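Below are the chains, spelled out letter by letter.
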Amino acid sequence: MKAIDKKWWHNAVVYQIYPRSFMDANGDGVGDLAGIISKLDYLQQLGINLIWLSPVYKSPMDDNGYDISDYDDIADEFGTLEEMERLIQEAKTRDIHILMDLVVNHTSDEHPWFIEAKKGTDNPYRDFYIWRKPAPDGGPPNDFRSYFGGSGWAYDDASGEYYLHQFSVRQPDLNWDNPRVHEEVHAMMNRWLDRGIGGFRMDVIDLIGKEVDKQIMANGKNLHLLIRQMNRATFGPRDSITVGETWSATPEDALLYSDPAREELSMVFQFDHIKQTWDEVHGKWRSRPFELSRFKQSIDTWQTALADRGWNSLFWSNHDLPRAVSKFGDDGEYREVSAKMLATALHCLKGTPYIYQGEEIGMTNVRFSTLEEYRDIESLNLYRERVASGVTHDEMMTGIFANGRDNARTPMQWDTSPNAGFTTGTPWLGVNPNYETINVAQALSEPDSILWHYQKLVALRKQYPILVYGDYQMLFADHPEVFAWVRRYEGELLLVINNFFGNHLTLPIPEQMQSWHGDCLISNYAPRDQLAVSLELQPYESFALLIRNGEA
Ligand code: TEU
Ligand code: CA
């Protein structure tokens, strides 16, 4: 392996907080900054070094804060700017840095720029957004569709023009062909960096180079130039960490973003492994069963492509996705062992691991019995649109149960008190009824819990550079139930074996590996310290073995 430039964040683990659902300190049913501050000791104990905070800025909350009306202030329901500054400082004293969510593909329709822009075609802010004349029939300029359903164009009565919105109609797209937009956004980013944050998670950053009239949204021709300019003008000189959300990225794109020589981003989130369980035609609303072979192939491709240059992010879940254990493990009989297996697999790959809040206690998907109990704008809009076009209620609910965004957004389960200890009021979204058995208090009191397994993995990363820098090579590539690999670093060898299924199985071991033995760094059953002619693997068994006598 080529010597890579070491960065302070390479051995870090990121924890994602969805503020609305993490901890409510004042009993209004909505999580807040004071609630987060009250749980910093818990996060410090877990050992994480960075918090990715989903948006807390001023917002009408059409998309739970991904619609920002003031980048320099905090939404009343979350707290104040002073509290945000306190959170940054309090986290820092615990060696934790905050990543702010940078949402600059669009703003809220209540952002002053948009309010100005709507005042007329000659307003100085008009060109902050993307306006087009109607098609000859008076309809939208083209048939571009919004991710949240319906046309991606909204009509503005006053001017007789349409504006572009790739997401909700209340999230007008910013015009990145306008240099004044760059200036404003860069200055805003610098103000946040001056407040002491560690970097940014960049919402749909692959969309900002859009070439609207060609209907090219992702990967537009100026995209990488815009990111390099942003890097130079803001976080580049400050040694920050940045992660771009890029649904469109191929491994080749990821190299462009994350090769340090190009001075763009630290890494990107790519979703290839996530989309493996979506229907190829109908997308996320119709699941396709989990197939380990596709999943392995996907991860292997990314691990290999970014081996020498660039850097991977590692995640199973986030606030838009189903719960990891429900998606890729077993949230019934084998919830604990499968959640631990998934954790081991993720943290033993090469890249930066992200833990989504609640994953560390094995929180699961939720099934509300009525549509009225759901809050997510995407699920609600798409339900309306798809049911109107002939999809049945049951089919759509099945899609929402499997992949709807509220699965990840039910309140964090802290203890067995009412509403899982999340709030003393009425939670904005229902608590998963399984909180009586799945909660932080229970996990803290049980030495063998998923939580302590995560804590151990986070600590191992600090202790063993092989977990951070070791080369990755897949083993048993054709095995339909086992995902295994070796990592190699400075003469050391780490073997990682994961049974991704709930069956007992016999894994024949190739001759040259049969005598391997060493130290078991982590396991979800009795630790193993040696191989043999074959291994009898338990359901979802997984372990990482630092080999003492192997060929590195
Ligand atoms: O997500 C990008 C996005 O495209 C998601 O809407 C995702 O594609 C969808 O859930 C899958 O069908 C980011 C944020 O993570 C998300 O929460 C925001 O709603 C969205 O951008 C708009 O800001
Ligand atoms: Ca609150």
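So, a few notes on the structure that sits alongside this text. (Residues numbered from 1 in each chain as written. Chains lettered and ligands numbered in written order. Predicted model: local features only at pLDDT ≥ 70, side-chain atom pairs only at ≥ 80, totals over all residues. Heavy atoms only, no water.)

To continue, consider the sheet that holds strand β8 (residues 161-164). What the 3 strands build is an open sheet, ordered β6-β8-β7; its pairing is antiparallel. Each having just a single partner strand, β6 (131-132) and β7 (153-156) make up the two edges of the open sheet. Here β6 runs beside β8; their pairing, made up of 2 bridges, is antiparallel. Paired with Trp131 across the bridge in β8 is Tyr163. (Pairing = 2+ DSSP bridges. Helix = DSSP H or I, 4+ residues; strand = E, 2+ residues; numbered from the N terminus.)

So, about the packing of aromatic side chains. All told, the structure shown has 36 aromatic pairs when counted by the stated rule. Relative to Phe328, the ring of Phe290 has its centre 5.7 Å away and its plane inclined at 65°; by these criteria the two rings are edge-to-face. With Phe290 in the loop between β13 (283-287) and α9 (292-305) and Phe328 in helix α10 (residues 324-328), this residue pair connects regions lying 38 residues apart in the sequence. What makes Phe290 partly exposed here is its relative accessible area of 21%. Seen from their ring centres, Phe295 and Phe328 are 5.0 Å apart, and the 40° between their planes marks the pair as tilted. Of the two residues, Phe295 is situated in helix α9 and Phe328 in helix α10; the sequence distance between them amounts to 33 residues. Among the aromatic residues, those joined into a ring-pair cluster are Phe290, Phe295, Trp316, Phe328, Tyr472, Phe483, Trp485 and Phe500. (Phe/Tyr/Trp six-rings, centres within 6.5 Å; stacked < 30°, edge-to-face > 60°. Buried < 20%, exposed > 50% of the residue type's maximum accessible area, 1.4 Å probe, protein only.)

The next subject is the pattern of salt bridges. The final tally for this structure, using the stated rule, is 38 salt bridges. Linking Asp320 and Arg409 is a salt bridge whose minimum nitrogen-to-oxygen distance equals 3.1 Å. Placement of Asp320 in the loop between β14 (313-314) and α10 and of Arg409 in the loop between α13 (393-403) and α14 (440-445) is noted, with a sequence separation of 89 residues between them. Residue Asp320 shares its accessibility class with Arg409, and that shared class is buried. Here Arg405 and Glu378 are joined by a salt bridge, their closest N and O atoms 3.7 Å apart. One end of the pair, Arg405, is in the loop between α13 and α14; the other, Glu378, is in helix α12 (residues 377-388), with 27 residues separating them in the sequence. According to the relative accessible area criterion, Arg405 is buried, its value standing at 6%. Linked by salt bridges that have partners in common, Asp63, Lys284, Asp320, Asp376, Glu378, Arg405 and Arg409 make up one network. (Salt bridge = Lys/Arg side-chain N within 4 Å of Asp/Glu carboxyl O.)

Here the calcium ion (ligand 2) is held by the protein donor atoms Asp24 (OD), Asn26 (OD1), Asp28 (OD), Val30 (O) and Asp32 (OD), which lie 2.3 Å from it. Read in sequence order, the donor residues coordinating the calcium ion (ligand 2) give the pattern D-x1-N-x1-D-x1-V-x1-D. With relative accessibility at 4%, the residue Asp24 sits in the buried group. Owing to a relative accessible area of 39%, Asp28 belongs among the partly exposed residues under this scheme. (Donors = N, O, S within 2.8 Å, 3.2 Å for Na, K, Ca; no water.)

What follows is about unusual backbone geometry. The backbone of Met61 shows a phi angle near 65°, a positive value even though the residue is not glycine. Within the element layout of this structure, Met61 appears in the loop between β3 (57-58) and β4 (70-74). Look at Met61 and you get buried, because its relative accessible area is 13%. One non-glycine residue with positive phi stands out, namely Asn64, at about 50°. Mapped onto the fold, Asn64 is located in the loop between β3 and β4.

For Phe144, the location among the structural elements is in the loop between β6 and β7. Relative accessible area serves as the criterion here: at 11%, Phe144 is assigned to the buried category. The sequence separation of Phe144 and Val212 amounts to 68 residues, and the corresponding C-alpha distance is 9.3 Å. The contact partners of Phe144, leaving out residues within four places of it in the chain, are Ser151, Gly152, Trp153, Leu164, Gln166, Gln215 and Met217. (Contact = heavy atoms within 4.5 Å.)

Tracing the backbone through its elements, the reader meets Asn175 in the loop between β8 and α5 (179-194). For Asn175, the side chain forms a polar contact with the main-chain oxygen of Asp127, separated by 2.9 Å. Not counting chain neighbours up to four residues away, the residues in contact with Asn175 comprise Asp127, Phe128, Tyr129, Ile130 and Val181. (Polar contact = N/O pair within 3.5 Å; in protein donor to acceptor, adjacent residues only side chain to side chain.)

Here β8 shows two buried faces, one formed by Glu161 and Tyr163 and the other by Tyr162 and Leu164. Here β7 folds back onto β8 in antiparallel fashion, the turn holding 4 residues, of which Gly160 has a positive phi close to 70°.

Within the secondary structure, Lys340 sits in helix α11 (residues 335-347). Although Lys340 is buried, it forms no salt bridge, and the closest oppositely charged side chain is Asp448 at an N-O distance of 4.3 Å. Not counting chain neighbours up to four residues away, the residues in contact with Lys340 comprise Asp448, Ser449, Ile450, His453 and Asn524. (Lys, Arg positive; Asp, Glu negative; His and termini not counted.)

Counted at 1.5 Å a residue, the expected span for α9 with its 14 residues is 20 Å, and the 20 Å between its end C-alpha atoms agrees. Along α9, the residues that are buried comprise Leu292, Phe295, Lys296, Ser298, Ile299, Trp302 and Gln303. The arc enclosing the buried residues of α9, seen along the axis, measures out at 160°, which places them on a common side. For α9, the elements touching its buried residues are α7 (251-258), α8 (272-275), β14, α10, β16 (471-475) and β17 (482-489). (Expected span 1.5 Å × (residues − 1). Arc of directions from axis to C-beta.)

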